[in-house]
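Architecture at a glance
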Amino acid sequence: MTARLRSLAGDFALMLRAEWTKLRTVPGWAATTAGALLAILAVGLLGTAATNPNPGRTELPVGPGGEAVNDSFSFVHRELSGDGTLTVPVLGLTSVGADGPQGSSPGPVAEWAKAGIIVKAGLDQGSTYAAVTATGAHGVRWQHDYTHDAAGRPGRPTDAAPQWLRLTRTGDTVTGYDSADGEHWTRIGTARLPGLPRTAQVGLFATSPETTEDTGTGTGLAPAVATGRFGPAVLSGGWGEDPGGPGGPDGGWTGSLVGTDAGTSGSYLPGAGGGYARDAAGFTVTGAGDIAPVVGGPALAGGRVVENFLVGTFAGLTALAVVATGSATAEYRRGLIVLTLAAGPRRGLLPLAKALPLAGTALLVGTAAAALAVPLGTAWSTAHGFPVAAVPAAVELRVVLGTGLLLAAACVLALALGLLLRRAAPAIAATVAGLVLPYLLAASGTLPTGASEWLLRVTPAAGFAIQQSLPRLPQVSTLYTPASGYYPLPPWAGLAVLTAWAAAALLAATLLIRRRDA
(Lines give C-alpha, C1' and ligand atoms only; values in the text may rest on other atoms or scores of the structure.)
Protein backbone atom coordinates (compact mmCIF):
# COMPACT_ATOMS: atom_id res chain seq x y z
CA MET A 1 0.00 0.00 0.00
CA THR A 2 2.83 2.38 0.89
CA ALA A 3 4.57 1.73 -2.43
CA ARG A 4 1.30 2.33 -4.27
CA LEU A 5 0.75 5.62 -2.49
CA ARG A 6 4.29 6.69 -3.25
CA SER A 7 3.80 5.85 -6.91
CA LEU A 8 0.52 7.77 -6.97
CA ALA A 9 2.14 10.79 -5.31
CA GLY A 10 5.06 10.66 -7.73
CA ASP A 11 2.79 10.52 -10.77
CA PHE A 12 0.71 13.40 -9.46
CA ALA A 13 3.81 15.50 -8.77
CA LEU A 14 4.97 15.00 -12.36
CA MET A 15 1.55 15.97 -13.72
CA LEU A 16 1.41 19.00 -11.44
CA ARG A 17 4.82 20.15 -12.57
CA ALA A 18 3.88 19.70 -16.22
CA GLU A 19 0.69 21.74 -15.83
CA TRP A 20 2.51 24.50 -13.96
CA THR A 21 5.14 24.63 -16.71
CA LYS A 22 2.43 25.01 -19.35
CA LEU A 23 0.71 27.76 -17.41
CA ARG A 24 3.80 29.89 -16.95
CA THR A 25 5.42 29.33 -20.33
CA VAL A 26 2.53 29.90 -22.74
CA PRO A 27 3.02 33.60 -23.58
CA GLY A 28 -0.65 34.40 -24.08
CA TRP A 29 -1.66 32.88 -20.75
CA ALA A 30 1.08 34.68 -18.81
CA ALA A 31 0.18 38.01 -20.41
CA THR A 32 -3.53 37.52 -19.77
CA THR A 33 -2.87 36.64 -16.12
CA ALA A 34 -0.83 39.83 -15.67
CA GLY A 35 -3.56 41.73 -17.48
CA ALA A 36 -6.12 40.37 -15.00
CA LEU A 37 -4.26 42.01 -12.11
CA LEU A 38 -4.01 45.30 -13.97
CA ALA A 39 -7.68 45.14 -14.98
CA ILE A 40 -8.82 44.74 -11.38
CA LEU A 41 -6.75 47.76 -10.37
CA ALA A 42 -7.61 49.94 -13.36
CA VAL A 43 -11.36 49.36 -13.38
CA GLY A 44 -11.67 49.69 -9.63
CA LEU A 45 -9.61 52.86 -9.34
CA LEU A 46 -10.87 54.57 -12.49
CA GLY A 47 -14.44 53.79 -11.47
CA THR A 48 -13.93 55.72 -8.23
CA ALA A 49 -11.63 58.44 -9.55
CA ALA A 50 -14.18 61.27 -9.58
CA THR A 51 -13.98 64.32 -7.35
CA ASN A 52 -16.96 64.99 -5.11
CA PRO A 53 -18.63 68.21 -6.38
CA ASN A 54 -20.29 68.71 -3.00
CA PRO A 55 -17.77 67.48 -0.45
CA GLY A 56 -18.85 67.31 3.16
CA ARG A 57 -17.00 65.41 5.80
CA THR A 58 -14.14 63.37 4.35
CA GLU A 59 -13.87 61.00 7.31
CA LEU A 60 -16.49 59.01 9.18
CA PRO A 61 -16.11 58.50 12.94
CA VAL A 62 -14.46 55.23 13.91
CA GLY A 63 -15.60 53.18 16.90
CA PRO A 64 -13.45 51.26 19.39
CA GLY A 65 -13.57 48.14 17.19
CA GLY A 66 -12.24 49.95 14.12
CA GLU A 67 -15.60 50.17 12.32
CA ALA A 68 -17.14 53.31 10.81
CA VAL A 69 -19.94 54.55 13.05
CA ASN A 70 -22.74 57.04 13.33
CA ASP A 71 -22.48 58.91 16.61
CA SER A 72 -24.90 61.81 16.47
CA PHE A 73 -27.41 62.70 19.19
CA SER A 74 -28.61 65.35 21.61
CA PHE A 75 -27.00 64.86 25.02
CA VAL A 76 -27.91 66.37 28.37
CA HIS A 77 -25.00 65.39 30.54
CA ARG A 78 -22.92 65.77 33.67
CA GLU A 79 -19.47 64.63 34.65
CA LEU A 80 -19.20 61.41 36.63
CA SER A 81 -15.87 60.98 38.41
CA GLY A 82 -15.51 57.41 39.58
CA ASP A 83 -18.45 55.17 40.32
CA GLY A 84 -22.10 56.19 40.25
CA THR A 85 -25.67 55.44 39.24
CA LEU A 86 -28.24 57.30 37.15
CA THR A 87 -31.93 56.38 37.25
CA VAL A 88 -34.70 58.02 35.23
CA PRO A 89 -38.17 57.18 33.88
CA VAL A 90 -38.81 57.68 30.16
CA LEU A 91 -42.36 59.05 29.85
CA GLY A 92 -42.68 59.24 26.09
CA LEU A 93 -40.94 58.95 22.72
CA THR A 94 -42.38 60.85 19.76
CA SER A 95 -41.12 62.07 16.41
CA VAL A 96 -41.54 64.82 13.86
CA GLY A 97 -41.24 64.28 10.14
CA ALA A 98 -40.26 66.28 7.10
CA ASP A 99 -43.67 67.42 5.89
CA GLY A 100 -44.42 70.38 8.18
CA PRO A 101 -42.80 73.78 8.58
CA GLN A 102 -39.26 73.17 9.71
CA GLY A 103 -40.19 69.53 10.15
CA SER A 104 -42.56 70.34 13.00
CA SER A 105 -45.55 68.20 12.11
CA PRO A 106 -45.99 64.79 13.78
CA GLY A 107 -44.46 61.91 11.90
CA PRO A 108 -43.95 58.19 12.33
CA VAL A 109 -41.52 57.23 15.05
CA ALA A 110 -38.56 55.48 13.47
CA GLU A 111 -38.32 51.92 14.71
CA TRP A 112 -34.82 52.59 16.06
CA ALA A 113 -35.45 56.10 17.42
CA LYS A 114 -33.93 56.21 20.89
CA ALA A 115 -34.46 58.07 24.16
CA GLY A 116 -32.43 56.85 27.10
CA ILE A 117 -29.40 57.23 29.36
CA ILE A 118 -25.77 56.78 28.43
CA VAL A 119 -22.27 56.64 29.95
CA LYS A 120 -19.73 57.89 27.39
CA ALA A 121 -15.99 58.46 27.49
CA GLY A 122 -16.41 61.99 26.12
CA LEU A 123 -18.16 64.11 23.54
CA ASP A 124 -15.88 62.96 20.70
CA GLN A 125 -17.64 60.89 18.06
CA GLY A 126 -16.64 57.24 18.14
CA SER A 127 -15.69 57.19 21.83
CA THR A 128 -16.62 54.19 23.94
CA TYR A 129 -20.05 54.12 25.58
CA ALA A 130 -22.79 52.02 27.15
CA ALA A 131 -26.49 52.93 27.08
CA VAL A 132 -29.90 51.65 28.05
CA THR A 133 -32.64 53.16 25.94
CA ALA A 134 -36.29 53.08 24.97
CA THR A 135 -36.84 52.67 21.21
CA GLY A 136 -39.58 53.37 18.71
CA ALA A 137 -40.53 49.76 17.99
CA HIS A 138 -38.12 47.41 19.79
CA GLY A 139 -38.74 48.08 23.46
CA VAL A 140 -35.87 48.76 25.83
CA ARG A 141 -32.39 47.94 24.52
CA TRP A 142 -28.99 47.58 26.12
CA GLN A 143 -26.31 48.76 23.69
CA HIS A 144 -22.59 49.45 23.95
CA ASP A 145 -19.68 50.27 21.67
CA TYR A 146 -21.96 50.51 18.59
CA THR A 147 -22.12 46.83 17.61
CA HIS A 148 -23.56 45.23 20.76
CA ASP A 149 -27.30 45.05 21.35
CA ALA A 150 -29.58 43.13 23.74
CA ALA A 151 -33.30 43.31 24.41
CA GLY A 152 -35.04 44.45 27.59
CA ARG A 153 -38.71 45.13 28.30
CA PRO A 154 -41.05 45.39 25.26
CA GLY A 155 -43.21 48.37 24.40
CA ARG A 156 -42.85 52.11 23.83
CA PRO A 157 -42.93 54.40 26.89
CA THR A 158 -46.01 56.48 27.72
CA ASP A 159 -47.19 58.57 30.67
CA ALA A 160 -49.36 55.66 31.78
CA ALA A 161 -46.62 53.05 31.28
CA PRO A 162 -43.16 54.66 31.58
CA GLN A 163 -39.96 52.75 30.97
CA TRP A 164 -37.67 53.07 33.99
CA LEU A 165 -33.97 52.92 33.10
CA ARG A 166 -30.84 52.69 35.24
CA LEU A 167 -27.10 52.68 34.56
CA THR A 168 -24.51 51.76 37.18
CA ARG A 169 -20.81 52.35 36.70
CA THR A 170 -18.15 50.51 38.70
CA GLY A 171 -14.67 51.24 37.39
CA ASP A 172 -14.70 50.45 33.68
CA THR A 173 -17.73 48.17 34.00
CA VAL A 174 -21.21 49.49 33.24
CA THR A 175 -24.46 47.64 33.90
CA GLY A 176 -27.89 48.45 32.47
CA TYR A 177 -31.27 47.78 34.10
CA ASP A 178 -34.92 48.38 33.33
CA SER A 179 -38.11 48.35 35.38
CA ALA A 180 -41.85 48.79 34.99
CA ASP A 181 -42.33 50.58 38.32
CA GLY A 182 -38.95 51.96 39.44
CA GLU A 183 -38.79 49.48 42.32
CA HIS A 184 -38.28 46.03 40.85
CA TRP A 185 -35.28 46.00 38.51
CA THR A 186 -34.06 43.57 35.87
CA ARG A 187 -30.46 43.53 34.69
CA ILE A 188 -30.30 43.60 30.88
CA GLY A 189 -26.55 43.50 30.36
CA THR A 190 -23.07 44.35 31.58
CA ALA A 191 -20.17 45.67 29.52
CA ARG A 192 -16.53 46.30 30.25
CA LEU A 193 -15.32 49.50 28.53
CA PRO A 194 -11.49 49.50 28.69
CA GLY A 195 -11.25 53.04 27.25
CA LEU A 196 -13.61 54.61 29.78
CA PRO A 197 -11.75 57.36 31.71
CA ARG A 198 -12.26 58.01 35.40
CA THR A 199 -14.19 61.18 34.56
CA ALA A 200 -16.86 60.29 32.01
CA GLN A 201 -19.93 62.03 30.63
CA VAL A 202 -23.24 60.59 31.82
CA GLY A 203 -26.78 61.73 31.10
CA LEU A 204 -29.90 61.65 28.92
CA PHE A 205 -29.99 61.47 25.15
CA ALA A 206 -32.35 61.37 22.18
CA THR A 207 -31.72 60.52 18.54
CA SER A 208 -33.53 59.16 15.50
CA PRO A 209 -32.31 57.70 12.21
CA GLU A 210 -34.31 57.97 9.03
CA THR A 211 -37.63 56.19 8.89
CA THR A 212 -38.45 53.68 6.17
CA GLU A 213 -41.36 55.72 4.87
CA ASP A 214 -40.93 56.42 1.15
CA THR A 215 -41.03 60.17 0.45
CA GLY A 216 -40.57 59.97 -3.31
CA THR A 217 -36.83 60.59 -3.08
CA GLY A 218 -36.02 57.15 -4.43
CA THR A 219 -34.24 56.11 -1.23
CA GLY A 220 -37.23 54.74 0.62
CA LEU A 221 -36.05 56.65 3.71
CA ALA A 222 -37.44 59.80 5.30
CA PRO A 223 -35.66 62.05 7.81
CA ALA A 224 -37.04 62.24 11.33
CA VAL A 225 -36.30 63.85 14.70
CA ALA A 226 -37.09 62.13 18.01
CA THR A 227 -38.25 63.74 21.24
CA GLY A 228 -37.87 61.91 24.53
CA ARG A 229 -39.67 63.02 27.68
CA PHE A 230 -37.95 62.08 30.91
CA GLY A 231 -39.02 62.29 34.52
CA PRO A 232 -36.70 63.53 37.29
CA ALA A 233 -33.20 62.06 37.21
CA VAL A 234 -31.97 60.39 40.40
CA LEU A 235 -28.19 60.31 40.84
CA SER A 236 -25.80 58.80 43.31
CA GLY A 237 -22.04 58.44 43.41
CA GLY A 238 -19.21 60.59 42.10
CA TRP A 239 -21.10 63.32 40.29
CA GLY A 240 -19.37 66.58 39.56
CA GLU A 241 -22.03 68.63 41.32
CA ASP A 242 -25.00 68.01 43.54
CA PRO A 243 -27.99 68.39 41.18
CA GLY A 244 -29.77 70.32 43.89
CA GLY A 245 -26.81 72.60 44.57
CA PRO A 246 -24.87 75.28 42.68
CA GLY A 247 -24.33 75.25 38.95
CA GLY A 248 -26.73 77.71 37.40
CA PRO A 249 -30.38 77.36 36.46
CA ASP A 250 -29.91 73.80 35.14
CA GLY A 251 -28.27 72.57 38.32
CA GLY A 252 -25.06 71.38 36.67
CA TRP A 253 -26.60 69.76 33.58
CA THR A 254 -25.19 70.75 30.17
CA GLY A 255 -26.82 70.32 26.78
CA SER A 256 -24.59 69.32 23.86
CA LEU A 257 -25.00 68.13 20.30
CA VAL A 258 -22.69 65.18 19.64
CA GLY A 259 -21.98 65.43 15.92
CA THR A 260 -22.88 68.47 13.85
CA ASP A 261 -25.28 66.50 11.65
CA ALA A 262 -27.01 63.15 11.66
CA GLY A 263 -24.10 61.32 10.03
CA THR A 264 -25.07 58.79 7.37
CA SER A 265 -28.33 57.98 9.17
CA GLY A 266 -30.30 61.04 8.03
CA SER A 267 -30.28 64.84 8.16
CA TYR A 268 -31.22 67.28 10.85
CA LEU A 269 -34.34 69.18 9.91
CA PRO A 270 -34.04 72.97 9.86
CA GLY A 271 -34.80 74.42 13.26
CA ALA A 272 -35.28 70.99 14.82
CA GLY A 273 -31.77 69.60 14.99
CA GLY A 274 -31.67 69.10 18.71
CA GLY A 275 -31.96 70.62 22.10
CA TYR A 276 -33.45 70.15 25.52
CA ALA A 277 -35.70 71.77 28.09
CA ARG A 278 -35.96 71.23 31.83
CA ASP A 279 -38.80 71.90 34.23
CA ALA A 280 -40.07 70.59 37.53
CA ALA A 281 -41.39 67.44 35.84
CA GLY A 282 -38.04 66.49 34.30
CA PHE A 283 -36.42 66.87 30.87
CA THR A 284 -37.45 66.97 27.23
CA VAL A 285 -34.65 66.09 24.80
CA THR A 286 -34.89 66.31 21.00
CA GLY A 287 -32.32 64.95 18.55
CA ALA A 288 -31.61 63.18 15.27
CA GLY A 289 -29.01 60.76 13.98
CA ASP A 290 -28.02 57.42 15.45
CA ILE A 291 -25.53 55.66 17.70
CA ALA A 292 -24.68 52.59 15.65
CA PRO A 293 -22.31 51.21 12.99
CA VAL A 294 -22.46 52.69 9.51
CA VAL A 295 -24.20 50.41 7.03
CA GLY A 296 -24.27 50.58 3.24
CA GLY A 297 -27.07 51.11 0.77
CA PRO A 298 -28.91 54.44 0.66
CA ALA A 299 -27.71 55.20 4.18
CA LEU A 300 -24.17 55.71 2.85
CA ALA A 301 -25.12 58.03 0.00
CA GLY A 302 -22.15 60.25 -0.77
CA GLY A 303 -19.69 57.83 0.78
CA ARG A 304 -17.82 54.73 -0.32
CA VAL A 305 -17.13 51.28 0.99
CA VAL A 306 -14.12 49.03 0.53
CA GLU A 307 -15.73 46.85 -2.13
CA ASN A 308 -16.28 49.91 -4.37
CA PHE A 309 -12.57 49.71 -5.18
CA LEU A 310 -12.90 46.07 -6.20
CA VAL A 311 -15.51 46.39 -8.96
CA GLY A 312 -12.74 45.45 -11.38
CA THR A 313 -12.92 41.90 -10.02
CA PHE A 314 -15.38 41.16 -12.83
CA ALA A 315 -12.82 42.17 -15.45
CA GLY A 316 -10.06 40.17 -13.80
CA LEU A 317 -12.35 37.16 -13.42
CA THR A 318 -13.21 37.21 -17.11
CA ALA A 319 -9.53 37.37 -18.11
CA LEU A 320 -8.61 34.51 -15.80
CA ALA A 321 -11.57 32.47 -17.09
CA VAL A 322 -10.05 32.76 -20.57
CA VAL A 323 -6.78 31.29 -19.26
CA ALA A 324 -8.55 28.55 -17.25
CA THR A 325 -10.78 27.40 -20.10
CA GLY A 326 -7.87 27.65 -22.53
CA SER A 327 -5.76 25.34 -20.39
CA ALA A 328 -8.57 22.79 -20.64
CA THR A 329 -9.64 23.16 -24.27
CA ALA A 330 -6.40 23.95 -26.11
CA GLU A 331 -5.12 20.39 -25.82
CA TYR A 332 -8.37 18.99 -27.20
CA ARG A 333 -8.40 21.50 -30.04
CA ARG A 334 -4.81 20.72 -31.05
CA GLY A 335 -4.98 16.97 -30.38
CA LEU A 336 -2.36 17.15 -27.62
CA ILE A 337 -4.56 15.57 -24.98
CA VAL A 338 -3.27 12.14 -26.08
CA LEU A 339 0.28 13.15 -25.19
CA THR A 340 -0.82 14.60 -21.86
CA LEU A 341 -2.64 11.42 -20.89
CA ALA A 342 0.25 9.26 -22.09
CA ALA A 343 2.72 11.24 -19.95
CA GLY A 344 0.41 10.97 -16.94
CA PRO A 345 -1.65 7.81 -17.30
CA ARG A 346 -3.57 8.43 -14.07
CA ARG A 347 -6.14 10.42 -15.97
CA GLY A 348 -8.39 10.82 -12.94
CA LEU A 349 -5.76 13.15 -11.43
CA LEU A 350 -5.50 15.39 -14.50
CA PRO A 351 -8.28 17.88 -13.58
CA LEU A 352 -6.85 18.35 -10.10
CA ALA A 353 -3.33 18.75 -11.50
CA LYS A 354 -4.61 21.46 -13.83
CA ALA A 355 -6.74 23.11 -11.15
CA LEU A 356 -4.10 23.63 -8.46
CA PRO A 357 -1.68 25.85 -10.45
CA LEU A 358 -4.60 27.88 -11.80
CA ALA A 359 -6.17 28.31 -8.38
CA GLY A 360 -2.84 29.28 -6.80
CA THR A 361 -2.12 31.82 -9.53
CA ALA A 362 -5.61 33.31 -9.29
CA LEU A 363 -5.31 33.50 -5.50
CA LEU A 364 -2.08 35.48 -5.79
CA VAL A 365 -3.45 37.77 -8.52
CA GLY A 366 -6.69 38.53 -6.69
CA THR A 367 -5.08 39.05 -3.30
CA ALA A 368 -2.33 41.28 -4.69
CA ALA A 369 -4.77 43.36 -6.72
CA ALA A 370 -7.12 43.84 -3.75
CA ALA A 371 -4.25 44.63 -1.40
CA LEU A 372 -3.24 47.46 -3.74
CA ALA A 373 -6.71 48.66 -4.76
CA VAL A 374 -8.14 49.12 -1.26
CA PRO A 375 -5.53 51.50 0.20
CA LEU A 376 -5.03 53.36 -3.08
CA GLY A 377 -8.76 53.81 -3.59
CA THR A 378 -9.29 54.86 0.01
CA ALA A 379 -6.54 57.48 -0.13
CA TRP A 380 -7.77 58.89 -3.46
CA SER A 381 -11.43 59.02 -2.43
CA THR A 382 -10.70 60.67 0.89
CA ALA A 383 -8.48 63.24 -0.77
CA HIS A 384 -11.23 64.05 -3.29
CA GLY A 385 -14.12 64.54 -0.93
CA PHE A 386 -15.63 61.06 -0.58
CA PRO A 387 -15.65 59.57 2.93
CA VAL A 388 -14.78 55.89 3.06
CA ALA A 389 -16.34 53.69 5.72
CA ALA A 390 -13.55 52.26 7.86
CA VAL A 391 -13.75 48.57 8.76
CA PRO A 392 -11.88 46.50 11.35
CA ALA A 393 -8.53 45.12 10.22
CA ALA A 394 -9.89 41.56 10.28
CA VAL A 395 -12.71 42.54 7.91
CA GLU A 396 -10.34 44.25 5.48
CA LEU A 397 -8.09 41.19 5.54
CA ARG A 398 -11.09 38.97 4.80
CA VAL A 399 -12.10 41.17 1.84
CA VAL A 400 -8.57 41.22 0.40
CA LEU A 401 -7.88 37.51 0.85
CA GLY A 402 -11.47 36.70 -0.10
CA THR A 403 -11.00 38.39 -3.47
CA GLY A 404 -8.15 35.99 -4.17
CA LEU A 405 -10.19 33.00 -3.02
CA LEU A 406 -13.11 34.17 -5.14
CA LEU A 407 -10.95 34.25 -8.27
CA ALA A 408 -9.37 30.90 -7.39
CA ALA A 409 -12.75 29.19 -7.11
CA ALA A 410 -13.95 30.91 -10.29
CA CYS A 411 -10.90 29.63 -12.18
CA VAL A 412 -11.52 26.07 -11.02
CA LEU A 413 -15.14 26.37 -12.17
CA ALA A 414 -14.04 27.73 -15.56
CA LEU A 415 -11.48 24.94 -15.96
CA ALA A 416 -14.04 22.28 -15.13
CA LEU A 417 -16.52 23.75 -17.61
CA GLY A 418 -13.78 23.76 -20.24
CA LEU A 419 -13.06 20.07 -19.61
CA LEU A 420 -16.76 19.25 -19.76
CA LEU A 421 -17.60 21.29 -22.87
CA ARG A 422 -14.18 21.03 -24.63
CA ARG A 423 -14.77 24.33 -26.38
CA ALA A 424 -13.47 27.64 -25.04
CA ALA A 425 -16.25 30.00 -26.11
CA PRO A 426 -19.15 28.05 -24.54
CA ALA A 427 -17.10 27.44 -21.38
CA ILE A 428 -16.26 31.14 -20.99
CA ALA A 429 -19.87 32.07 -21.68
CA ALA A 430 -21.11 29.58 -19.09
CA THR A 431 -18.66 30.89 -16.50
CA VAL A 432 -19.68 34.50 -17.06
CA ALA A 433 -23.37 33.56 -17.10
CA GLY A 434 -23.07 31.74 -13.79
CA LEU A 435 -20.99 34.34 -12.00
CA VAL A 436 -21.57 37.75 -13.56
CA LEU A 437 -25.10 37.68 -14.96
CA PRO A 438 -26.88 36.80 -11.67
CA TYR A 439 -24.97 39.52 -9.87
CA LEU A 440 -25.86 42.15 -12.49
CA LEU A 441 -29.53 41.19 -12.47
CA ALA A 442 -29.66 41.32 -8.67
CA ALA A 443 -27.60 44.45 -8.11
CA SER A 444 -29.35 46.47 -10.81
CA GLY A 445 -32.77 46.03 -9.25
CA THR A 446 -34.09 44.53 -12.50
CA LEU A 447 -35.64 41.63 -10.60
CA PRO A 448 -37.88 41.67 -7.52
CA THR A 449 -35.98 41.50 -4.24
CA GLY A 450 -37.04 37.91 -3.56
CA ALA A 451 -35.82 36.69 -6.95
CA SER A 452 -32.56 38.64 -6.60
CA GLU A 453 -31.87 37.12 -3.20
CA TRP A 454 -32.65 33.64 -4.53
CA LEU A 455 -30.10 34.08 -7.34
CA LEU A 456 -27.43 35.20 -4.89
CA ARG A 457 -28.11 32.21 -2.68
CA VAL A 458 -27.96 29.36 -5.19
CA THR A 459 -25.83 30.48 -8.14
CA PRO A 460 -22.03 30.78 -8.23
CA ALA A 461 -22.48 34.57 -7.96
CA ALA A 462 -23.08 34.02 -4.24
CA GLY A 463 -19.30 34.01 -3.94
CA PHE A 464 -19.13 37.79 -4.30
CA ALA A 465 -20.54 38.05 -0.79
CA ILE A 466 -16.98 37.51 0.45
CA GLN A 467 -16.20 41.10 -0.61
CA GLN A 468 -18.97 42.72 1.45
CA SER A 469 -17.36 44.85 4.15
CA LEU A 470 -20.25 46.44 6.04
CA PRO A 471 -22.41 44.40 8.41
CA ARG A 472 -26.07 43.56 8.18
CA LEU A 473 -27.32 44.43 11.67
CA PRO A 474 -30.83 44.00 13.08
CA GLN A 475 -30.43 47.13 15.23
CA VAL A 476 -29.70 49.40 12.24
CA SER A 477 -32.52 50.17 9.85
CA THR A 478 -31.79 50.45 6.13
CA LEU A 479 -32.72 48.74 2.87
CA TYR A 480 -30.89 45.42 3.13
CA THR A 481 -31.43 44.33 -0.48
CA PRO A 482 -29.12 43.22 -3.31
CA ALA A 483 -29.89 46.49 -5.10
CA SER A 484 -28.51 48.29 -2.04
CA GLY A 485 -25.33 46.21 -2.05
CA TYR A 486 -26.32 43.56 0.50
CA TYR A 487 -26.02 39.83 -0.13
CA PRO A 488 -28.51 37.41 1.43
CA LEU A 489 -25.73 35.08 2.64
CA PRO A 490 -22.87 35.86 5.06
CA PRO A 491 -19.48 36.32 3.37
CA TRP A 492 -17.99 32.88 3.99
CA ALA A 493 -21.28 31.11 3.30
CA GLY A 494 -21.49 32.85 -0.07
CA LEU A 495 -17.95 31.78 -0.94
CA ALA A 496 -18.83 28.24 0.13
CA VAL A 497 -21.65 28.17 -2.45
CA LEU A 498 -19.23 29.12 -5.25
CA THR A 499 -16.67 26.60 -3.98
CA ALA A 500 -19.31 23.86 -3.98
CA TRP A 501 -20.19 24.65 -7.60
CA ALA A 502 -16.50 24.54 -8.56
CA ALA A 503 -15.90 21.27 -6.71
CA ALA A 504 -18.98 19.63 -8.23
CA ALA A 505 -17.99 20.71 -11.74
CA LEU A 506 -14.42 19.47 -11.24
CA LEU A 507 -15.69 16.11 -9.98
CA ALA A 508 -17.97 15.81 -13.01
CA ALA A 509 -15.05 16.61 -15.31
CA THR A 510 -12.92 13.98 -13.57
CA LEU A 511 -15.56 11.29 -14.01
CA LEU A 512 -16.07 12.25 -17.65
CA ILE A 513 -12.34 12.11 -18.45
CA ARG A 514 -12.02 8.67 -16.87
CA ARG A 515 -14.89 7.34 -18.97
CA ARG A 516 -14.52 9.24 -22.23
CA ASP A 517 -10.83 9.75 -23.02
CA ALA A 518 -8.91 6.74 -24.28
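Residues numbered from 1 in each chain as written. Predicted model: local features only at pLDDT ≥ 70, side-chain atom pairs only at ≥ 80, totals over all residues. Heavy atoms only, no water.

All right, on to the pairing of strand 7 (residues 163–170) then. On a regular strand, one side chain projects to one face of the sheet and the next to the other, so that they alternate. Pairing of strand 2 (residues 73–96) with strand 7 involves seven bridges; the strand directions are antiparallel. Across the sheet, the residue bridging to Thr 85 is Thr 168, located in strand 7. Here strand 7 pairs with strand 8 (residues 173–179) via seven bridges, running antiparallel. The partner of Thr 170 across the bridge, within strand 8, is Thr 173. The loop that links strand 7 with its antiparallel partner strand 8 comprises two residues; one of these, Gly 171, has a positive phi angle of about 65 degrees. (Pairing = 2+ DSSP bridges. Helix = DSSP H or I, 4+ residues; strand = E, 2+ residues; numbered from the N terminus.)

What follows concerns the pattern of salt bridges. Applying the stated criterion to the full structure yields five salt bridges. Lys 120 is the salt-bridge partner of Asp 71, the closest N and O atoms lying 2.7 Å from each other. Of this pair, Asp 71 sits in strand 1 (residues 69–71) while Lys 120 is found in strand 3 (residues 114–120), placing the two residues 49 residues apart along the sequence. In terms of burial, Asp 71 and Lys 120 fall into one category: buried. Measuring nitrogen to oxygen at the nearest pair gives 3.4 Å for the salt bridge that ties Asp 172 to Arg 192. With Asp 172 in the loop between strand 7 and strand 8 and Arg 192 in strand 9 (residues 186–192), the pair connects residues that are 20 residues apart, well separated along the chain. Note on Asp 172: relative accessible area 23%, which makes it partly exposed. (Salt bridge = Lys/Arg side-chain N within 4 Å of Asp/Glu carboxyl O. Buried < 20%, exposed > 50% of the residue type's maximum accessible area, 1.4 Å probe, protein only.)

Attention now goes to the nonpolar core. Counting 52 residues, the largest nonpolar core has Leu 320, Leu 413, Leu 415, Leu 435, Phe 464 and Leu 498 as the members making the most contacts within it. Put simply, the parts of the chain that give this core at least two residues each are helix 1 (2–25), helix 2 (27–46), helix 3 (313–334), helix 5 (350–383), helix 6 (393–421), helix 7 (424–443) and helix 9 (491–516). Of all the elements, helix 6 adds the most residues to this core, at 13 residues. The contact partners of Leu 320, leaving out residues within four places of it in the chain, are Thr 33, Ala 36, Ala 362, Val 365, Leu 407 and Cys 411. Of all hydrophobic cores here, the second largest spans 36 residues; its members include Val 140, Leu 196, Ala 200 and Ala 206. (Core = buried A, V, L, I, M, F, W, Y, C linked by side-chain atoms within 4.5 Å. Contact = heavy atoms within 4.5 Å.)

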